[in-house]
Amino acid sequence: MGSQILVVLFCVLSCSFVSVYSQGGNNKNNDTASVQGTVVVDGDTTIGRTDEDFICATLDWWPPEKCDYGTCAWGHASLINLDLSNQILLKAIQAFSPLKIRLGGTLQDKVIYDTPDNHQPCVQFVKNTSELFTFTQGCLPMYRWDELNAFFSKSGAKIIFGLNALMGRTIQRDGSAAGAWNYSNAQSFITYTVRHNYSIHGWELGNELSGSGVGTKVAADQYASDTISLHDIVENIYSGIEPKPLVLAPGGFYDANWFRTLITKAGNSVDAITHHIYNLGPGVDPNLVEKILDPSVLDNVLGSFRGLQSLLRSAGSSATAWVGESGGAYNSGRNHVSNAFVYSFWYLDQLALAASHDTKTYCRQSLIGGNYGLLNTTTFVPNPDYYSALLWHRLMGRNALSTSFSGSNKLRVYAHCSKYSKRFTLLLINLDKSTTFEVNVGVNRTLTQQGLNNRKWPKHNRSYSIIRLPRHSKIGTMMREEYHLTAKDGDLHSQTMLLNGKILSVDSNGDIPSFEPSLVNSSELISVAPLSIVFARIPYILPACR
């Protein structure tokens, strides 16, 4: 293939990468600038590897009375009252084949499971501001658990269930929760689940009790002991059953010292370390859109990603890293922002950053509910981020590749091996309001005889070659697929997303639309319009993707 490709080659001796060039100029209308540059992809090695089913979403426990800043955005979206007969909901989940769904949230630690040996009244959450988390204790009836599992089986979802980690503990004057986890109700619930042959991908202990906690906290050494107890319960109840569910913990915000203790003391009893991310601050922040479009804000999660990976490596742990919950803006997000087109800039960037740091699964808060649901809380119609997630799921394979573009920090660039392919897919996110980026694609790799028409170069040389396929050669007929995502009427607050200029929407049967790419001659530059997102499948085989 190399003998047929026209390459523009820049060689740099004794270095591992080369910076890109860019040149700017105004377009004819003088309204926007046009900047040309090169995205450079390292084609030799991967920097992260995700699960096949990397995309995950959450279902929460919040009742309709959950309100933030005077807005009550949850409606009937909880595990207790969600309409499981809705066809859009069913088809939205089925489109992923499969979608991981994490069941949990703040109130999970106050849920009683109404198993046959439960002797407490099974009553639902009641708003009470004097109570922890401002709600009384709630209950999951087993008939509802049966209904949920029938739905999950039909939808093909893979379920991660968050258990009630506060049972048996007492809240101290300093706000901490003392004592060991009383797992008797959880053990009974897991037993019921196994006896009914319900498929569970993972059992997770607790929600946001790590570090300083949210509402309350549990000491790390005690949490490690409780995680070992959960592991032993799972091993015992699932004896003779394979594969066994994963054991996950702690489902909280990253705190280096606390997480180090958990990872070290829990040892091989935990399969995945789950942490939460709300790096945009409160949903009420009037500068939320500006934050989303600020590269420095998007990068503020890097410390958590790098820190957790470092802890896992230094401990020699076999556990993997998950983002167990991430909604961007906490306290239910913000209407017309976290459920609008503009949020895909944050969401897709988060997915890419997480994947490049070897995160195996990323759970979005929420599938439905609050102002940050992938689906509209009332109509179940997909919000823009749903389509972004599904596009990622269908285009981006497991292997993340090192990628750079030094022409501007407003163009965020990522690459993965394409799904089920030896080729690769670019994700280009243009945060700039007035600049169109015209992008060459370069591959940064060791020079080889085969790759350079048998030209001989010193072994230590590195290069990138701009992939420009001649129009009139046989190979020049190779077309790349492009998926351009924009907001309807250019309105970032729109809840309607356009794919290559066409509205994405479900039909009258609730069917999810197909994603039709634009086919572009591979010799052309990739044009990334202001405030737009582009997936581009490049018809070029990389060693890292073989």
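Data block above holds the structure.
Residues numbered from 1 in each chain as written. Predicted model: local features only at pLDDT ≥ 70, side-chain atom pairs only at ≥ 80, totals over all residues. Heavy atoms only, no water.

S.K.: Could you give me a rundown of the pattern of salt bridges, with the residues and numbers involved?
M.R.: Tallying each qualifying case throughout the model produces 19 salt bridges. One salt bridge in this structure joins Asp 53 and Lys 100, with 3.2 Å as the shortest N-O distance. Taken together, the residues Asp 53 in the loop between strand 3 (33-49) and strand 4 (55-59) and Lys 100 in strand 5 (residues 100-103) connect sequence positions 47 residues apart. Taken as a pair, Asp 53 and Lys 100 share a single burial class, namely buried. (Salt bridge = Lys/Arg side-chain N within 4 Å of Asp/Glu carboxyl O. Helix = DSSP H or I, 4+ residues; strand = E, 2+ residues; numbered from the N terminus. Buried < 20%, exposed > 50% of the residue type's maximum accessible area, 1.4 Å probe, protein only.)

S.K.: Lay out the pairing of strand 12 (residues 246-253) in plain terms, naming residues and giving numbers.
M.R.: For a regular strand, the rule is simple: side chains alternate between the two faces of the sheet. Of all 8 residues making up strand 12, 6 are buried, and the element is well covered by its neighbours. Relative to strand 12, strand 11 (residues 202-205) runs parallel, the two being bridged by 3 bridges. Among the inter-strand pairings, Glu 204 is bridged to a residue of strand 12, identified as Leu 248. Viewed along the sheet, the connection from strand 11 through helix 4 (residues 220-237) into strand 12 turns out right-handed. Pairing analysis gives 5 bridges linking strand 12 to strand 13 (residues 272-277), with the strands arranged parallel. Across the sheet, Phe 253 pairs through a bridge with His 276, a residue of strand 13. At this point the chain moves from strand 12, through helix 5 (residues 256-266), to the parallel strand 13, and the crossover so formed is right-handed. (Pairing = 2+ DSSP bridges. Right-handed = clockwise from strand over helix to strand, strands pointing away.)

S.K.: Outline the sheet that holds strand 8 (residues 158-163), listing residues and values.
M.R.: Read around the closed barrel, the 8 strands follow the order 4-5-8-11-12-13-15-17; overall the barrel is parallel. Averaged over all pairs of adjacent strands, the angle between strand axes in this sheet comes to 25 degrees, irrespective of strand direction. Packed on one face of the sheet, helix 8 (residues 302-315) meets strand 13, strand 15 (320-326) and strand 17 (359-364) and runs near 165 degrees to strand 13. Along the sheet face, helix 9 (residues 343-356) touches strand 4, strand 13, strand 15 and strand 17 and points at about 155 degrees away from the line of strand 17. (Axes fitted to C-alpha atoms, helices over the stretch in contact; angles between N-to-C directions. Contact = heavy atoms within 4.5 Å.)

S.K.: Before we move on, can you summarise the nonpolar core with the specific residues and values?
M.R.: Trp 145 and Phe 345 are the most contacted members of the largest nonpolar core, which has 135 residues in total. Not counting chain neighbours up to four residues away, the residues in contact with Trp 145 comprise Leu 103, Leu 140, Phe 161, Phe 189, Tyr 192, Thr 193, Tyr 198 and Ile 200. (Core = buried A, V, L, I, M, F, W, Y, C linked by side-chain atoms within 4.5 Å.)

S.K.: Give me the lowdown on the pairing of strand 19 (residues 411-418), citing residues and values where you can.
M.R.: With 8 of 8 residues buried, strand 19 is to be regarded as a mostly interior element. Where strand 18 (residues 396-404) lies against strand 19, 3 bridges are found, and the strand directions are antiparallel. Across the sheet, residue Ala 400 finds its bridge partner in strand 19, namely His 416. Two successive antiparallel strands, strand 18 and strand 19, enclose a turn made up of 6 residues. Pairing geometry for strand 19 and strand 20 (residues 424-430), over 7 bridges, is antiparallel. From the neighbouring strand, Val 413 faces strand 20, where its bridge partner is Leu 428. In textbook terms, the turn of a hairpin is the stretch between consecutive antiparallel strands, and for strand 19 and strand 20 this stretch comprises 5 residues, one of which, Tyr 420, has a positive phi near 55 degrees.

S.K.: Tell me what's going on with the state of the cysteines, and back it up with residues and numbers.
M.R.: Tallied over the entire structure, the rule returns 4 disulfides. Disulfide partner of Cys 122: Cys 139, at an S-S distance of 2.0 Å. Taking the sign of the S-S torsion, about -100 degrees here, the bridge from Cys 122 to Cys 139 comes out left-handed. With Cys 122 in the loop between strand 6 (111-114) and strand 7 (138-141) and Cys 139 in strand 7, the pair connects residues that are 17 residues apart, well separated along the chain. (Disulfide = S-S within 2.5 Å.)

S.K.: Give a detailed account of the packing of aromatic side chains, specifying residues and quantitative values.
M.R.: The geometry of an aromatic ring pair comes down to the distance between the two centres and the angle between the two planes. Within this structure, the stated rule accounts for 25 aromatic pairs. Look at Trp 74 and Tyr 372: their rings are 6.2 Å apart centre to centre, the planes differ by 80 degrees, and that puts the pair in the edge-to-face class. Separated by 298 residues along the polypeptide, Trp 74 in the loop between strand 4 and helix 1 (87-94) and Tyr 372 in the loop between strand 17 and helix 10 (384-395) bring together distant segments of the chain. On the accessibility criterion, Tyr 372 (4% relative accessible area) is buried. One aromatic cluster is present, built from ring pairs that chain together Tyr 113, Trp 145, Phe 161, Phe 189, Tyr 198 and Trp 203. (Phe/Tyr/Trp six-rings, centres within 6.5 Å; stacked < 30°, edge-to-face > 60°.)

S.K.: Outline helix 10, listing residues and values.
M.R.: Here helix 10 contains 12 residues, and its C-alpha end-to-end distance of 17 Å stays within 8% of the 16 Å for a straight helix at 1.5 Å per residue. Here helix 10 lies mainly inside the structure; 11 of its 12 residues are buried. Turning to helix 10, its buried residues are Pro 384, Asp 385, Tyr 386, Tyr 387, Ser 388, Ala 389, Leu 390, Leu 391, Trp 392, His 393 and Leu 395. (Expected span 1.5 Å × (residues − 1).)

S.K.: If you had to explain the packing of helix 5 against helix 8 to someone new, which residues and values would you point to?
M.R.: Interhelical geometry of helix 5 versus helix 8 gives an angle of 35 degrees and a closest axis separation of 10 Å. Considering only the axes of helix 5 and helix 8, their crossing is right-handed. Contact residues: helix 5 offers Ala 256, Phe 259, Arg 260 and Ile 263, while helix 8 offers Leu 308, Leu 311, Leu 312 and Ala 315. Classifying every residue of the contact of helix 5 with helix 8 gives 7 nonpolar, no polar and 1 charged. (Left-handed = near helix turned anticlockwise from the far one by under 90°. Nonpolar A, V, L, I, M, F, W, Y, C, P; charged D, E, K, R; others polar.)

S.K.: So, the environment of Val 441: which residues are in play, and what are the values?
M.R.: Inspection of the secondary structure puts Val 441 in strand 21 (residues 435-446). A relative accessible area of 6% places Val 441 in the buried class. A C-alpha to C-alpha distance of 5.6 Å links Val 441 and Thr 38, two positions 403 residues apart in sequence.

S.K.: Hey, could you go over the environment of Ile 292 for me, with residue numbers and the actual values?
M.R.: Note that Ile 292 resides in helix 6 (residues 288-292). A sequence separation of 55 residues divides Ile 292 from Tyr 347, and the C-alpha atoms of the two residues are 9.3 Å apart.

S.K.: I'd like to hear about unusual backbone geometry, residue by residue, with values.
M.R.: In most cases, non-glycine residues show a negative phi, while peptide bonds are predominantly trans. Of note, the amide linkage connecting Ser 97 to Pro 98 takes the cis form, showing an omega dihedral of 5 degrees. Topologically, Pro 98 is positioned in the loop between helix 1 and strand 5. Between Gln 365 and Ser 366 the backbone carries a cis peptide bond, its omega angle lying at 5 degrees. Tracing the sequence through the fold places Ser 366 in the loop between strand 17 and helix 10. With a phi angle near 65 degrees, His 336 is a residue other than glycine that sits in the positive phi range. Tracing the chain through its elements places His 336 in the loop between strand 16 (329-330) and helix 9. Positive phi, close to 65 degrees, is recorded for Asp 358, a residue that is not glycine. Mapping Asp 358 onto the fold places it in the loop between helix 9 and strand 17.

S.K.: I'd like a rundown of empty space enclosed by the protein, residues and numbers included.
M.R.: To find leftover empty space, a probe the size of one water molecule is rolled over the atoms. Tallying each qualifying case throughout the model produces 3 cavities of 30 Å³ or more. A volume near 70 Å³ is recorded for the second largest cavity. Top contributing element to the lining of the second largest cavity by residue count: strand 18, with 3 residues. Across the lining of the second largest cavity, the residue classes break down as 4 nonpolar, 4 polar and 4 charged. (1 Å grid on protein atoms, 1.4 Å probe; cavity = no way out; pocket = protein on both sides within 12 Å on 5 of 7 lines; lining within 4 Å. Points joined across faces, edges and corners; volume = space filled by probe spheres on them.)

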